[in-house]
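Results of the structural survey
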Amino acid sequence: MQIRVQSEPFDAGVELNGFAQNRTDIGAVVSFTGVVRDTDGNLQEMLIEHYPSMTQSAITKIAQEAVDRWSLADCLVIHRHGALKPGAPIMMVATAAAHRAAAFEAADFLMDYLKSRAPFWKKEITDQGADWVAAKDADEEALDRW
Amino acid sequence: MNVMYFAWVRERIGIPQEKVETEAATVNDLIAELTAREDRYAAAFADTSALRVALDQELSDFDAPLAGVQEVAFFPPMTGG
């Protein structure tokens, strides 16, 4: 299990190639990369604030639950903070399991929980000013699936 | 105890963290104390349904006791991922 919280960019391809590389007992690797989206074409940057002394432990707890619940062979979570430009990767998860259903489900679970339970807050800086991104009810409701 | 604020809560109160001397028994009591201090706190804590609280880096509830707690953090619902 690897958890990384960082301001630096990462290369999702390089990360994926190195993930669970030496495991011969797995049959499935699933990955997800979240990217800064410029919905209205006026986003200058996305500022991501976090709670440094809580972030690592909160993500580790979520990842450990995924590993236990889906018997994952390995699990990777990278989440960035700081000022990010449109198109930049924000975060990535990868899961490795014996079968694809477990790998897909675990990745889905990780994404739902990271969205609402990892201490990050996004602020969009646009031509019109700056606004904190509001959490959606649907994001909270998504947790009930698990 | 150390009290921390994040995102718009930090902006509304104007500081990221502060040391607070308090006898407050619960998170709600602490909020009542802070709210009575100055308008900027009252503005930040006006609607606690829009807020979350963590005690010693663990998500908690507003009626949770503060005995033994060293760090309280207030913030809006998280928007990770």
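Residues numbered from 1 in each chain as written. Chains lettered and ligands numbered in written order. Predicted model: local features only at pLDDT ≥ 70, side-chain atom pairs only at ≥ 80, totals over all residues. Heavy atoms only, no water.

Looking now at the pattern of salt bridges. Applying the stated criterion to the full structure yields 12 salt bridges over all chains. In this structure, Glu140(A) engages Arg117(A) in a salt bridge whose closest nitrogen and oxygen atoms are separated by 2.8 Å. With a gap of 23 residues between them, Glu140(A) in helix 4 (residues 137-142) and Arg117(A) in helix 3 (residues 100-117) connect regions that are remote in the sequence. As a salt-bridge pair, Glu18(B) and Arg37(B) come within 3.3 Å of each other at their nearest N and O atoms. Here Glu18(B), found in strand 2 (residues 17-19), pairs with Arg37(B), found in helix 2 (residues 27-37); they are 19 residues apart in sequence, far enough to count as distant. The structure contains a network of salt bridges with shared partners spanning Asp108(A), Asp112(A) and Arg145(A). (Salt bridge = Lys/Arg side-chain N within 4 Å of Asp/Glu carboxyl O. Helix = DSSP H or I, 4+ residues; strand = E, 2+ residues; numbered from the N terminus.)

All right, on to the sheet that holds strand 7 (residues 120-126) of chain A then. Strand pairing in a sheet relies on backbone hydrogen bonds. The paired strands run either parallel or antiparallel. Residues and elements named next belong to chain A. With antiparallel pairing, the four strands of this open sheet are ordered in space as 5-3-7-8. Because the sheet does not close on itself, it has two edges, and the strands there are strand 5 (82-84) and strand 8 (129-132). With strand direction ignored, the average angle separating the axes of adjacent strands in the sheet is 25°. Pairing of strand 7 with strand 8, which is carried by four bridges, proceeds in the antiparallel orientation. Its bridge partner being in strand 8, Lys123 is matched across the sheet by Trp132. (Pairing = 2+ DSSP bridges. Axes fitted to C-alpha atoms, helices over the stretch in contact; angles between N-to-C directions.)

Turning to the nonpolar core, a few remarks are in order. In globular proteins that are soluble, nonpolar side chains generally tend to be buried together. Judged by nonpolar contacts, the single largest core of 35 residues is most densely connected at Tyr51(A), Tyr5(B), Leu30(B), Phe45(B) and Phe74(B). Of all elements in the fold, only helix 2 (52-69) of chain A together with strand 1 (2-5), helix 1 (7-13), helix 2, helix 3 (39-44), strand 3 (52-55) and strand 5 (71-75) of chain B reach the threshold of two or more residues within this core. Among all residues touching Tyr5(B), those that are not within four sequence positions of it are Arg10(B), Ile13(B), Ile15(B), Pro16(B), Gln17(B), Glu18(B), Leu34(B), Tyr41(B), Phe45(B) and Phe74(B). By size, the runner-up hydrophobic cluster in this structure holds 32 residues, among which are Leu43(A), Ile48(A), Ile62(A) and Phe109(A). (Core = buried A, V, L, I, M, F, W, Y, C linked by side-chain atoms within 4.5 Å. Buried < 20%, exposed > 50% of the residue type's maximum accessible area, 1.4 Å probe, protein only. Contact = heavy atoms within 4.5 Å.)

As a further point, take the packing of aromatic side chains. Here the distance between the centres and the angle between the planes together describe a pair of aromatic rings. According to the stated counting rule, one finds 11 aromatic pairs over all chains in the structure shown. When the centroid spacing of 4.8 Å and the interplanar angle of 35° are considered together, the rings of Phe109(A) and Tyr113(A) count as tilted. One end of the pair is Phe109(A) and the other is Tyr113(A), both in helix 3 and four residues apart, which spans about a single turn. Pairing Tyr5(B) with Phe74(B) gives two aromatic rings, centres 6.4 Å apart and planes at 15°, and the pair type is stacked. Note that Tyr5(B) is positioned in strand 1 and Phe74(B) in strand 5, a separation of 69 residues in sequence. Among the residues examined, Phe74(B) registers a relative accessible area of 0% and is labelled buried. Here Arg37(B) stacks its cationic end above the ring of Tyr41(B), 5.3 Å away from the centre of that ring. (Phe/Tyr/Trp six-rings, centres within 6.5 Å; stacked < 30°, edge-to-face > 60°. Lys NZ or Arg CZ within 6 Å of the ring centre and 35° of its normal.)

The values reported here are purely geometric and, on their own, carry no functional implication.
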